[in-house]
Structure formats: C-alpha cells, structure tokens
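Next come the chains, spelled out residue by residue.
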Amino acid sequence: MRSLLFVPAHDARKLAKGLDCGADALIIDLEDAVPEAHKAQARGRCAEFVSAHRARLPLIVRVNALDTGLLLDDLAAVVRAQPFGIMLPKCTSGRDVALVDSYLAALEARDGVPRGTLRILPIVTESAAALFEMSSYAQAGPRLHAMMWGGEDLAADVGTVANRRADGRYTAPYELARSLTLLGATGAQVPAIDAVYTNFRDPEGLKAESADAVRDGFSAKAAIHPDQVGPINAAFTPSPADVAWATRVIAAFSATPEKGALVLDGKMLDRPHHRSAQRVLARAATPTPDLS
Ligand code: COA
Ligand code: MG
C-alpha cells in the first residue's frame, strides 16, 4: 500500500470519487472530517459503502477515539460490513490497540465474522504522552497492521499553532514524533505511514515530503485530496533503477551464499543491503495487499 486517501464518510460524492482516483486504499473518516450532527448518518453510509465496495480495494474506517463515547457505536455499525481495518485516532499506547482488539473480537463473534479479520491501524502521535509509549506497540498483538503519525492533533495538544518552519519543514517536536513512529513501527515489525500533507494545492511540497518519507523508510503516505494520490504512488513505487540494483544485489548474494559480505560496483554489501534489496523487490511486486 502506497497511498491511503481520507474520505469523509458523510460525503457520497467524495466516496464515489475516491474509488476511481488510483488510491491503494481509502480511509473512510467518521472522526474529524464529520460534523457531530452527521455522525450517526455517516456510520450507516460508511457500512453500506464498505459492504458494496470492499472487494475492490482496502477500505479502512477511521473511527472516533476511545475517549469520545462514540467508538463502540462506530464499531457496532461497521464490523459486520468487514472493512479491511479500523484506523484508531488518538491512540495512546499499544494497550489501546489491545482494548480495541477485544471489542472487535466480541463484534466479530456477534456478526459471524471470522475472528481476527479486521486489522487495526493506530495514529500514534496525537498527544505528547503517546510519544513516550512508542515501544508498547511491539506487544499490541496480531491485529496491528501499520502505524501512522500526524502533526495536527499533537500541535493542538502542545498548544502551538504552527508545526512547520517558514520553509515548510516540520519543527523539532514534530520531526521527533515522525521519527518515533518510524522506529516504533519498525520495532513492532509493521509498516509506518507518513502523515498527510495538508497543503493540497502544493504538488512540489508534497513531492519533496514524499521523497523524504521514502528515503527514511516509510512504506506509505496518507492523502486528503485525489490530486495527491498520483505523486504519492509515484514516490513510493521503486524506480526501474532501484529494481535493477535490488535484483543484482539478490543475485550476487545467491551466487556466493558462503559469503556474508561481498563487493558490487566497488562497494561493500552485507546483510542489511540484502534485506533492503528484498524490501525494494517486495514493494515493486505488491503495491496493494491481498484482499482475501
Ligand atoms: N476524496 C474524494 N474526493 C475528493 C476528496 C477526497 N478526500 N477531496 C476532494 N475530492 C473531490 C471533490 O469532491 C471534487 O470532485 P467534483 O469535481 O466531482 O466535485 C474534486 O475532488 C476536486 O475537489 P476540490 O474542489 O479541489 O476540493 P474541495 O474543496 O471539494 O475539498 C477538502 C477540499 C480539503 C475539503 C477535501 O479535499 C476533503 O474533504 N479532504 C478530506 C478531509 C479529511 O478527510 N480530513 C481528515 C483527515 S486529515
Ligand atoms: Mg485529527
């Protein structure tokens, strides 16, 4: 999965548009993009949409946070539609994931959905306290599918208005949140998803931020507008040169299995390079996951 497009659940026009814009997955939002007055209607619309289109691409439902009092109603409405997964906003630690796992298990039993079907994708940087719990996701259980970060709610928690410098780069606290997410996800052995780029009329800025995310080891980036999907997919698709390099690295290791380190084009290669090459080929082969 390279691009995940947020679509507000109460907006039928955007839901329809989201299906055809090339996104690898949709995140159907019941949380911040849906006004309070539309929450109940949005749940029903979301469940219908997921039932109708779940075989086409991964559909992930962003539910309301644990402390809102809305989460159980959200889950009760959508589990039977069998979305690919649940995005849990304002997640404070791996223990929140474990709690939502138990809710999902109960609802899967109620609805005759095989246990463990729904995955959980938490947003793990939406409060300052959550940053200190990043290692807890390694014990969050098998539903943990990927971890995402975001800078907007963290800024609200810290009480700052701006989270970027004049040149568009994140300030230090948000760089830290981004890095902790990447390392926490690596520790938990799941992919890391980069935050949305909110300035959707700035393709150059999006391109630069996507390139940084690829370089640092993120697997995907979330989008808020269909125009962002193409540039994100392009950035997260390994280039022909990357694939050629990875193929040669794998071939070199296969040719000399007795060697731990070897030389290619005058440069030393060892185990980490072999693993990087395998990752490049895996990303090139499967941009979208198996929906079965
Ligand atoms: N998903 C699907 N379609 C979308 C879309 C999205 N996220 N954002 C815009 N579109 C559609 C519009 O409906 C419009 O379609 P139309 O020409 O058929 O009417 C087209 O793309 C062009 O949209 P545009 O006029 O450029 O933007 P907008 O003013 O309609 O919407 C936003 C701007 C920011 C309100 C909108 O992109 C949006 O709602 N994004 C998601 C917000 C969200 O979910 N936030 C929570 C996570 S951070
Ligand atoms: Mg938010």
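Computed from a prediction, not measured in an experiment: that's the story for all the values here.

Chemist: Looking at this model, I keep getting lost on the overall build of the chain. Mind explaining?
Modeler: Across its full length, the chain carries 11 helices and 10 strands. Relative to the 2.2 N^0.38 estimate, which gives 19 Å for 292 residues, the radius of gyration of the chain is 20 Å and therefore close to what a compact globule would have. In terms of overall dimensions, the chain has a C-alpha envelope of 65 × 50 × 35 Å along the principal axes. Burial status across the chain gives 46% buried among its 292 residues. Here the contacts in the chain between residues at least 6 apart in sequence split such that 70% fall between residues at least 24 apart. A total accessible area of about 13900 Å² is found for the chain, and carbon and sulfur atoms account for 56% of it.

Chemist: For this particular structure, what's the right way to read the site of ligand 1?
Modeler: Every one of the 16 residues lining ligand 1 counts as a neighbour, but Phe 6, Arg 13, Arg 201, Ile 224 and His 225 are closest to it. Arg 13 is positioned with one of its side-chain polar atoms (N or O) 2.7 Å from an oxygen atom of ligand 1. Arg 201 places a polar side-chain atom, nitrogen or oxygen, 3.1 Å from an oxygen atom of ligand 1. Here ligand 1 loses 66% of its free accessible area of 890 Å² to cover by the protein chains. Of all elements in the fold, only β1 (3–8) and α1 (12–19) reach the threshold of two or more residues within the shell around ligand 1.

Chemist: Honestly, the coordination of the magnesium ion (ligand 2) in this entry has me stumped. Any pointers?
Modeler: Around the magnesium ion (ligand 2), the protein contributes the donor atoms Asp 32 (OD) and Asp 153 (OD), at 2.2 Å from the metal centre. Of this pair, Asp 32 sits in the loop between β2 (25–29) and α2 (39–53) while Asp 153 sits in helix α6 (residues 152–158), placing them 121 residues apart in sequence.

Chemist: What is the right way to read the nonpolar core from this model?
Modeler: Leu 26, Leu 75, Tyr 137 and Met 147 are the most contacted members of the largest nonpolar core, which has 61 residues in total. Top element by residues in this core is α2. It accounts for five residues. Counting 15 residues, the second-largest nonpolar core is a separate cluster that includes Ile 60, Leu 121, Ala 146 and Ala 220.

Chemist: Would you explain the pattern of salt bridges in this entry?
Modeler: Two side chains of opposite charge can pair, provided their charged atoms sit close to one another. Here the structure, examined in full by the defined rule, presents 22 salt bridges. The salt bridge partner of Arg 95 is Glu 133, with a shortest N-O separation of 3.3 Å. Of this pair, Arg 95 sits in helix α4 (residues 94–111) while Glu 133 sits in the loop between α5 (128–131) and β6 (147–148), placing them 38 residues apart in sequence. What makes Arg 95 exposed here is its relative accessible area of 55%.

Chemist: I tried to follow the domain arrangement of the chain on my own but got confused; where do I start?
Modeler: You can read the domains of the chain as domain 1 (3–236) and domain 2 (240–285). Computed from C-alpha atoms alone, the centre-to-centre distance between domain 1 and domain 2 is 33 Å.

Chemist: Even after reading the chapter, I still don't get helix α8 (residues 203–216), so can you show me in this structure?
Modeler: Think of an α-helix as turning once every 3.6 residues; residues three or four places apart then point the same way. The end-to-end C-alpha distance of α8 is 20 Å, a good match for the 20 Å that 14 residues give at a rise of 1.5 Å each. When α8 is considered as a whole, its buried residues turn out to be Gly 205, Leu 206, Glu 209, Ser 210 and Ala 213. For α8, the buried positions fall inside an angular range of 130° around the axis, keeping them on one side. Of the residues in α8, the exposed ones pointing more than 90 degrees away from the buried face are Glu 204, Lys 207 and Arg 215. Looking at the buried residues of α8, the elements they touch are α7 (172–187), β7 (192–194), β8 (220–223) and α9 (229–236). Positive phi shows up at Gly 217, right after α8, with a value of about 115°.

Chemist: Quick question: what am I supposed to make of α4 here?
Modeler: For α4, which comprises 18 residues, the first-to-last C-alpha distance of 25 Å matches the rise-based estimate of 26 Å (1.5 Å per residue) to within 8%. Turning to α4, its buried residues number three or more, namely Gly 94, Asp 96, Val 97, Val 100, Leu 104, Ala 105, Leu 107 and Glu 108. The inward-facing, buried residues of α4 contact α3 (71–78), β4 (85–88) and β5 (119–122). At the N-terminal end of α4, a side-chain oxygen is found 3.0 Å from the backbone nitrogen of Arg 95, two or three residues along, and the residue is Ser 93. Phi turns positive one or two residues past the end of α4, at Gly 112, with a value near 70°.

Chemist: Mind showing me how you'd approach the pairing of β1 here?
Modeler: Burial within β1 is extensive, with six of its six residues counted as buried. Side-chain alternation along β1 places Ser 3, Leu 5 and Val 7 on one buried face and Leu 4, Phe 6 and Pro 8 on a second face that is also buried. Bridging between β1 and β2 involves five bridges; their strand directions are parallel. The residue of β2 that forms the bridge with Leu 4 is Ala 25. Chirality of the crossover, the property in question, places the unit of β1, α1 and β2 among those that are right-handed.

Rules used throughout
Residues numbered from 1 in each chain as written. Chains lettered and ligands numbered in written order. Predicted model: local features only at pLDDT ≥ 70, side-chain atom pairs only at ≥ 80, totals over all residues. Heavy atoms only, no water. Helix = DSSP H or I, 4+ residues; strand = E, 2+ residues; numbered from the N terminus. Rg over C-alpha atoms; globule rule 2.2 N^0.38 Å. Buried < 20%, exposed > 50% of the residue type's maximum accessible area, 1.4 Å probe, protein only. Contact = heavy atoms within 4.5 Å. Areas by Shrake-Rupley, 256 points an atom, 1.4 Å probe, with all protein chains shown as cover. Near = heavy atom within 4 Å. Polar contact = N/O pair within 3.5 Å; in protein donor to acceptor, adjacent residues only side chain to side chain. Donors = N, O, S within 2.8 Å, 3.2 Å for Na, K, Ca; no water. Core = buried A, V, L, I, M, F, W, Y, C linked by side-chain atoms within 4.5 Å. Salt bridge = Lys/Arg side-chain N within 4 Å of Asp/Glu carboxyl O. Domains from an automatic or database assignment. Expected span 1.5 Å × (residues − 1). Arc of directions from axis to C-beta. Pairing = 2+ DSSP bridges. Right-handed = clockwise from strand over helix to strand, strands pointing away.

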